[in-house]
Each structure stands twice: as structure tokens, then as C-alpha cells.
Amino acid sequence: MQIKTILNRVQKFKSFVYGAVRWNEATSPPSLEVELRPRANGWAVCSGCGQRRAGYDRLPLRRFEFVPLWGMKVFWLYTPRRVDCPCCGVKVEHLPWVEGKRPLTTTYAWFLAGWAKRLSWKEVAEAFHMSWDAVFGAVEMAVAWGRAHVDLSGIQSLGIDEIAWGRGHRYLTLVYQIDAHCKRLLWVGEKRRVKTLLRFFRWFGRERSAALRFVCSDMWKPYLKVIAKKASQAIHVLDRFHIMAHLSKAIDEVRAQEVRELKAQGEEPVLTHTRWLLLKRPEHLTEKQGGRLAELVRHNLKTVRSYLLKEDFQFFWGYTSPYWAGRFLDQWCTRTMHSQIEPMKRVARMLRGHRQLLLNWFRAKGRLSSGVVEGFNTKAKLTTRKAFGFRSYHAAEVALYHTLGALPEPQFTHRFF
Ligand SMILES: [Zn+2]
């Protein structure tokens, strides 16, 4: 069987045929070169209008990289024709195996993009002896195709989240679909302003926004404002993951401050190395740890009281009736306001201010996959961190869509990956 025959099995063209196959020793490592030529009497197709046109002249030979074989690079060689088109003027012919002026065949670009889901872009570049830019170009193409063909029908629930990105206080707004039947990243936007989320709703469209039933988000004011305006019919839920994150952040603040105060007073550093002690369940503590916990409690530290308030708040999520959950919330807030612990009081004030949205959690219960946003948040952070080499917002955006977007792919005769 000839290589030509195999190529015709995996990728056959109507108007082009494979010619001679050469082994090129001059490249390192050696490569395979496959000639391509137009089928006899074949017309060239204008790349401007897609019509068959008379030939004009030929351009210099071009090389297009194809999927490697037995660890060898494979190149297709072709001298493109130019057509004299009555509509477009003199134009290069349309080549079905490549997009625009790219040096990679579309098939190879999809192949690399597939690997880039499993390995970092740098690893893919190394494994296939490609440049980082070539891998990025391949992923960019896959994402552009996927975004253009994405199916946005039947979306009922959205989760809106933000992640810090790069150095300094830079943020990305991420919008997820969190329906039981489909969970994926829908949209990425730079910053976390009113304008950012408005851009999402403009892209998403009025009709689809009107069909939303649940929107899940943090208490971030710009988001609340836009959601109330653009999806007012949906039940807006403040999700558990974000609320508990606010409490954890408050505790860390209390702890850091208290450590400083104790040090200033020359007290024994009772609080050092206690973070995990306080997170462990009492029955799992060793005798020594139990003794330390008792000592901490005896000190009646603000940190300990904050932990207890947070632990207590976990009961909130267990309620089924919004009424009783509301009663619990009010009592918890009153208690916290009397605690004289400023960071905790700040959370309590914030929760009081969003009572209605918090109680929506119980109205949406069972109909919303609440852990989804947290899971996506972790993966999104990992993606942006792994790709530390991202020089631009655009690259981070492409990586997020590629990893979390569950984007569609075209159907090929042969699956190379
Ligand atoms: Zn034309």
C-alpha cells in the first residue's frame, strides 16, 4: 500500500490529488513531503466568492504541515493558482485543507488543539517540535470555530463568577451554564464591571435572557444590578460557595489581626499553627491537639469565636423552608453584630442587606446544581495559572474557552486524535 493510498483514505479532496511522496533527509529530523496537484481539467475556485473561475497564473510553491507520521514531520507541497475573477479581481484560489495564510493544515491544527486539552501548550509544542505560537494558533482556530457553532438553545440556569487574573487587581468575569443536562463555560469578559456583564447579555440576546429561570452569583454589586435589569424574571440566588468564601476570608482577617495584637502584647503565640487545628473535627484531634484547642477556647479568642460563628452558619443551608431559614439568618446576624468582631460584622451586614436573594437559595433548591460554580472556579484558576506564559488577556480567554467551554468540533472522515 502506498502512502498516497493511505492519505486518500484519511483525507480525500474532490478537486486535488496526491502526487509523489518524497523522503527529505535535509530537514532535521527527516520529513515526508507529499506533492498535491489539481485534478486534470479541474477549475480553480476563487477564495473571494467561492465560484469556479479561469486560471490567471501560479504563485511560488507553499508548504503546509500535516499530521506527523512515525515521528516524522509531514509536509504537503502545492503551488497555488491565482484566478481572474470578474467579481473579485485577481485572487488566490481556495484551498480546502487550510485556512487563509496559515502554515498548518486545518487537520493538523485540530490535532494539536486536541492535545492542548490534555497537556499544557508548552508541552504540546515540545512533543511535536512546534513553536508555542503555532500551538496557540491551532487552539485559537479551534475556539473560533467552536464559538461560531455553539448551540445556545435551552439554557435555563446561569452561574456568574469572577476570578483574579495576572498581577494586581485584575479580574475576569466568567458566565457558566449550570443546568443539570449541560454544564459549561459560556462567556468570558475582561474586568467585573457593570459594562462587562452587560456585554454578556448583549451577546446572549434578549430572547434567551427572558427564558432564564435561575441565575446564581456572588454579592458583587455590579453583577446584582445587571442581573436585576436583564433577567428580572429569573430567580436570583446567592450561592453557598461565595457566601462561605466571604466568611472564610473574614476569619483569616480576624486571625491575622489577632496574631499581631498578641505579639505586640508579648503574649505566648497561642495562635500560630492553629489554622488546621480549628478546621479539624473535635473527635479527630489527638490528646495534645485537644489540649491546645481547650486552651484556645479558654482564651476566648476572637478567632475562635469567628470560627464558631462560621460553623454555626452551616446550619442555614440545611433548612427547607425559606421562612425558618430567614428566622435563623436574622438570629445569626444579631448574634454576630453583638460579637464586636468587625470583619464578621461586615459579613453579617452584607447578608442582612441581601436577605431576599439569600432566601432564594431555598426557592431554587433541588433545581440548581450549586457545587458546579465552585468546581468551575477551581478549574478556571488552574487554567489561568498553568498558562502563566499568557502574555495577553486574549490568550487567557482562548485557554478558558478551550478547557471549559465544551465547544463543538467539526466531523472528520478520519479521527487523528
Ligand atoms: Zn471571486
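Residues numbered from 1 in each chain as written. Predicted model: local features only at pLDDT ≥ 70, side-chain atom pairs only at ≥ 80, totals over all residues. Heavy atoms only, no water.

1. Here we look at the overall build of the chain
Regarding its fold elements, the chain presents 16 helices and 14 strands. Taken over C-alpha atoms, the radius of gyration comes to 30 Å for the chain, far larger than the 22 Å a tight globule of 417 residues would show. Expressed along its principal axes, the backbone C-alpha trace of the chain runs to roughly 90 × 50 × 35 Å. A buried classification covers 46% of the 417 residues belonging to the chain. Of the roughly 22900 Å² that the chain leaves accessible, carbon and sulfur atoms contribute 53%. (Helix = DSSP H or I, 4+ residues; strand = E, 2+ residues; numbered from the N terminus. Rg over C-alpha atoms; globule rule 2.2 N^0.38 Å. Buried < 20%, exposed > 50% of the residue type's maximum accessible area, 1.4 Å probe, protein only. Areas by Shrake-Rupley, 256 points an atom, 1.4 Å probe, with all protein chains shown as cover.)

2. Remarks on the environment of E25
With respect to the element layout, E25 can be found in the loop between β1 (16-24) and β2 (31-38). Only 2.9 Å separates the side chain of E25 from the side chain of W23, close enough to count as a polar contact. (Polar contact = N/O pair within 3.5 Å; in protein donor to acceptor, adjacent residues only side chain to side chain.)

3. Brief notes about the packing of aromatic side chains
Aromatic ring pairs are defined here through the distance separating the ring centres and the angle between the ring planes. What the rule picks out here adds up to 34 aromatic pairs. Ring plane angle 65 degrees and centroid distance 5.7 Å describe the contact between W187 and F200, whose orientation is recorded as edge-to-face. Here W187 is found in strand β12 (residues 183-190), whereas its partner F200 is found in helix α5 (residues 194-204), with 13 residues between them in sequence. With relative accessibility at 6%, the residue W187 sits in the buried group. Aromatic pair F200 and F201: ring centres 5.0 Å apart, planes at 75 degrees, arrangement edge-to-face. Through a chain of ring-to-ring contacts, the aromatic side chains of F13, F16, Y18, F64, F66, W76, Y78 and W97 assemble into a single cluster. (Phe/Tyr/Trp six-rings, centres within 6.5 Å; stacked < 30°, edge-to-face > 60°.)

4. Some words on the coordination of the zinc ion
At this site the zinc ion is bound by C46 (SG), C49 (SG), C85 (SG) and C88 (SG), with donor distances of 2.2 to 2.3 Å. Bound by four donor atoms, the zinc ion shows angles of 106 to 115 degrees at the metal and therefore tetrahedral coordination geometry. For the zinc ion, the single-chain donor residues occur in sequence as C-x2-C-x35-C-x2-C. One end of the pair, C46, is in the loop between β3 (44-45) and β4 (52-53); the other, C88, is in the loop between β8 (81-85) and β9 (89-92), and 42 residues separate them in sequence. Among the residues examined, C46 registers a relative accessible area of 1% and is labelled buried. The exposure class assigned to C88 is partly exposed, which follows from its relative accessible area of 29%. (Donors = N, O, S within 2.8 Å, 3.2 Å for Na, K, Ca; no water. Tetrahedral: all angles 85-135°; square planar, octahedral: opposite > 155°, others 65-115°.)

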